Amino acid sequence: MVREWDPRNASSAEIASLLDTLNAVLAADLPQDPPWRESSMREYLAEVMPGERRISWVAQAEPAADGSPGAILGHVHVLLLGDIGVLEVLVHPSERRTGLGRDLVLTAARRVYQEGFQSIGVEVVGDTPAVAFYESLGFSKEYVETRSVLDLSGVDWAELSEMATGISAGYHLQFHPGGPPDELIEAYARAKAEVRDVEDGELRPSSYDPQRLRDSLDCLHRRGMKPYIVLALHEQTGEVAGLTEVVVPVQHPTRADQYDTIVVQDHRGYGIDRAIKARMLMELRSAEAELTEVQTWNAQANEAMLKVNAELGYRPDREWCEYSIDVAELVHRLDAGR
Ligand SMILES: CC(C)(COP(=O)(O)OP(=O)(O)OC[C@H]1O[C@@H](n2cnc3c(N)ncnc32)[C@H](O)[C@@H]1OP(=O)(O)O)[C@@H](O)C(=O)NCCC(=O)NCCS
């Protein structure tokens, strides 16, 4: 049975059951990825940025003979932002190939259509059943990135410490656990605005203006995701010349996520990229006792970034793709197939 579901008032048993399904999916599709923990899972599912909405549905098994509620075997949510709905679907491996995934997508797509949105986007992990699934529904591939993973046990810390200090005179690095300090928010947002063109292909708008940046940091904290920032300050102007962001989610604190790394155009060629990333790894090593890995996503065309990542020890893992489809087309196609 598929029904609309609100994580804010769902029972703890339902949240735990959804987490079990997520971990069964990870074990089947991405066995090298760490399982998720229950900490802040409800907030992770419920919290959104101002102006965004997330609508969720679950597929739940029938109640047991003793009346206890059935397990959550499938889940779909759609995040409505701009003119796009970003979809995520999960089906427990024991329930696959029965049409449940298709039903969940149709339920969400109908709502996205009713809400007047144009298109649906989805992140699809390479070498998993999701590729054939979305292609069978008519989605097309828009953008491909490579996920790479760094195993911290293989890092040469002495070499990294040299990289962290190998920056030209006139710049200095700062480490900010929790996010940039308020007095640097404007300069920080200006640096992020520089990469607008590069990020055009991505589903999630980046935070260009100071208020959006504050909102996005707040939202991360509420979802149990702790941001860490290293930035390079240009001493002469006080401008943020470069920045790198890593988030440690309380749901999987052994594996951190690398977010943006930016070196502002005028400040390229001074060793900033290498230095900020190396300093970040050194700081994380002491700040996050459980951390063993960091994952990052890069466009295949971004050769400079891929080169620095390879020097730091990142190993390419798999493709991570964005697919999309026109909502009306999807609804018609799925309705016609019933
Ligand atoms: C993708 C996913 C939602 C599909 O769910 P599902 O319930 O098995 O999908 P359906 O039964 O509705 O399949 C619909 C169609 O998709 C295609 N399809 C789905 N899985 C497929 C597979 N493993 N191989 C080939 N085609 C597949 C088929 O055309 C299928 O129709 P058919 O069974 O009549 O041939 C499910 O595999 C899943 O949850 N994957 C994990 C998603 C994810 O986000 N992973 C990231 C890690 S958390």
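The structure presented is a predicted model; accordingly, all values stated were derived computationally and were not measured.

Peer 1: How would you summarise the sheet that holds strand β1 (residues 2-5) if you had to cite specific residues and measurements?
Peer 2: Spatial strand order, β1-β2-β3-β4-β5-β12-β6-β11-β10-β9-β8-β7: 12 strands in an open sheet with mixed pairing. The open sheet has two edge strands with one neighbour each: β1 and β7 (171-177). In this sheet, neighbouring strand axes are inclined to one another by 25° on average, regardless of whether the strands run parallel or antiparallel. As judged from the nine bridges shared by strand β6 (residues 140-151) and strand β12 (residues 315-326), these two strands associate in the antiparallel manner. Paired with arginine 147 across the bridge in β12 is arginine 318. Against the sheet, helix α4 (residues 129-136) contacts β4 (84-91), β5 (119-125) and β12, and its axis sits at roughly 155° relative to β5.

Peer 1: Before we move on, can you summarise the site of the ligand with the specific residues and values?
Peer 2: For the ligand, the set of nearby residues contains 20 residues, the closest of which are Val91, Arg97, Gly99, Gly101 and Arg102. Take threonine 98: an N or O atom from its main chain is 3.3 Å from an oxygen atom of the ligand. Within the backbone of arginine 102, one N or O atom sits 2.9 Å away from an oxygen atom of the ligand. Summarising the interface, the protein chains cover 76% of the accessible area of the ligand, which totals 940 Å² for the free molecule. When residues of the shell around the ligand are traced back to their parent elements, those giving at least two are α1 (12-29), β4, α3 (100-114) and α4. Class assignment for the residues of the shell around the ligand results in 12 nonpolar, four polar and four charged.

Peer 1: Just give me the short version of the pattern of salt bridges, but keep the residues and values in it.
Peer 2: Scanning the model with the defined rule gives 22 salt bridges in all. For the salt bridge of lysine 192 with aspartate 260, the shortest nitrogen-to-oxygen distance reads 3.0 Å. With lysine 192 in helix α6 (residues 185-193) and aspartate 260 in strand β10 (residues 255-263), the pair connects residues that are 68 residues apart, well separated along the chain. With respect to class, lysine 192 is no different from aspartate 260; both count as buried. The shortest N-O distance in the salt bridge between glutamate 311 and lysine 307 comes to 3.6 Å. Of this pair, glutamate 311 and lysine 307 both sit in helix α9 (residues 303-312), four residues apart, roughly one helical turn. Linked through salt bridges whose partners overlap, the residues forming this network are Asp33, Arg147, Arg255, Glu293, Asp317 and Arg318.

Peer 1: Residues and numbers for α9, please.
Peer 2: Of all the residues in α9, the buried ones are Met305, Val308, Asn309 and Leu312. The arc enclosing the buried residues of α9, seen along the axis, measures out at 100°, which places them on a common side. Turned more than 90 degrees away from the buried face of α9, the exposed residues are Glu303 and Lys307. Among the structural elements, β6, α5 (157-165), β10, α8 (272-287) and β11 (293-299) are those in contact with the buried residues of α9.

Peer 1: So what's going on with the environment of arginine 102? Which residues, and what values?
Peer 2: By the element assignment, arginine 102 lies in helix α3. According to the relative accessible area criterion, arginine 102 is partly exposed, its value standing at 47%. Counting along the chain gives 232 residues from arginine 102 to leucine 334, while the straight-line C-alpha distance between them is 7.8 Å.

Peer 1: Requested: an account of the nonpolar core, with residues and values cited.
Peer 2: General note: in soluble globular proteins, nonpolar side chains tend to be found buried as a group. Counting residues in hydrophobic clusters, the biggest one holds 31 residues, and the most contacted among them are Leu152, Leu160, Ile272, Leu281 and Leu312. Those elements that place two or more of their residues in this core are α5, β7, β8 (225-234), β9 (240-249), β10, α8 and α9. For this core, the element with the highest residue contribution is α8, accounting for seven residues. Residues contacting leucine 281, with those up to four places away along its chain left out, are Leu150, Leu152, Trp157, Leu160, Val294 and Leu312.

Peer 1: Give a description of the packing of α6 against helix α7 (residues 210-222) that names residues and reports values.
Peer 2: Helix-helix packing is described using two parameters, namely the angle between the two axes and the distance between the axes. Contact geometry of α6 with α7 gives a least axis separation of 9 Å together with a crossing angle of 95°. In terms of orientation, α6 lies roughly perpendicular with respect to α7. Packed against α6, whose contacting residues are Ile185, Glu186, Tyr188, Ala189 and Lys192, the element α7 presents Pro210, Leu213, Arg214 and Leu217 at the interface. A breakdown of the residues in the contact of α6 with α7 according to their chemical character gives six nonpolar, no polar and three charged.

Peer 1: So, the packing of aromatic side chains: which residues are in play, and what are the values?
Peer 2: Summed over all chains, the structure comprises six aromatic pairs. Taken together, a centroid distance of 5.6 Å and an interplanar angle of 40° make the contact between tyrosine 171 and tyrosine 270 tilted. With tyrosine 171 in strand β7 and tyrosine 270 in the loop between β10 and α8, this residue pair connects regions lying 99 residues apart in the sequence. Taking the relative accessible area as the measure of exposure, tyrosine 171 reaches 10% and is therefore buried. Since its relative accessible area comes to 36%, tyrosine 270 is described here as partly exposed. Look at tryptophan 297 and tryptophan 320: their rings are 5.6 Å apart centre to centre, the planes differ by 75°, and that puts the pair in the edge-to-face class. Highlighted residues: tryptophan 297 in strand β11 and tryptophan 320 in strand β12, separated in sequence by 23 residues. Assessed through its relative accessible area of 23%, tryptophan 297 is described here as partly exposed. Joined through ring pairs, the aromatic side chains of Phe133, Tyr134 and Phe139 make up one cluster.

Cut-offs and rules
- Residues numbered from 1 in each chain as written.
- Predicted model: local features only at pLDDT ≥ 70, side-chain atom pairs only at ≥ 80, totals over all residues.
- Heavy atoms only, no water.
- Pairing = 2+ DSSP bridges.
- Helix = DSSP H or I, 4+ residues; strand = E, 2+ residues; numbered from the N terminus.
- Axes fitted to C-alpha atoms, helices over the stretch in contact; angles between N-to-C directions.
- Contact = heavy atoms within 4.5 Å.
- Near = heavy atom within 4 Å.
- Polar contact = N/O pair within 3.5 Å; in protein donor to acceptor, adjacent residues only side chain to side chain.
- Areas by Shrake-Rupley, 256 points an atom, 1.4 Å probe, with all protein chains shown as cover.
- Nonpolar A, V, L, I, M, F, W, Y, C, P; charged D, E, K, R; others polar.
- Salt bridge = Lys/Arg side-chain N within 4 Å of Asp/Glu carboxyl O.
- Buried < 20%, exposed > 50% of the residue type's maximum accessible area, 1.4 Å probe, protein only.
- Arc of directions from axis to C-beta.
- Core = buried A, V, L, I, M, F, W, Y, C linked by side-chain atoms within 4.5 Å.
- Parallel < 35°, antiparallel > 145°, perpendicular 65-115°, else oblique.
- Phe/Tyr/Trp six-rings, centres within 6.5 Å; stacked < 30°, edge-to-face > 60°.

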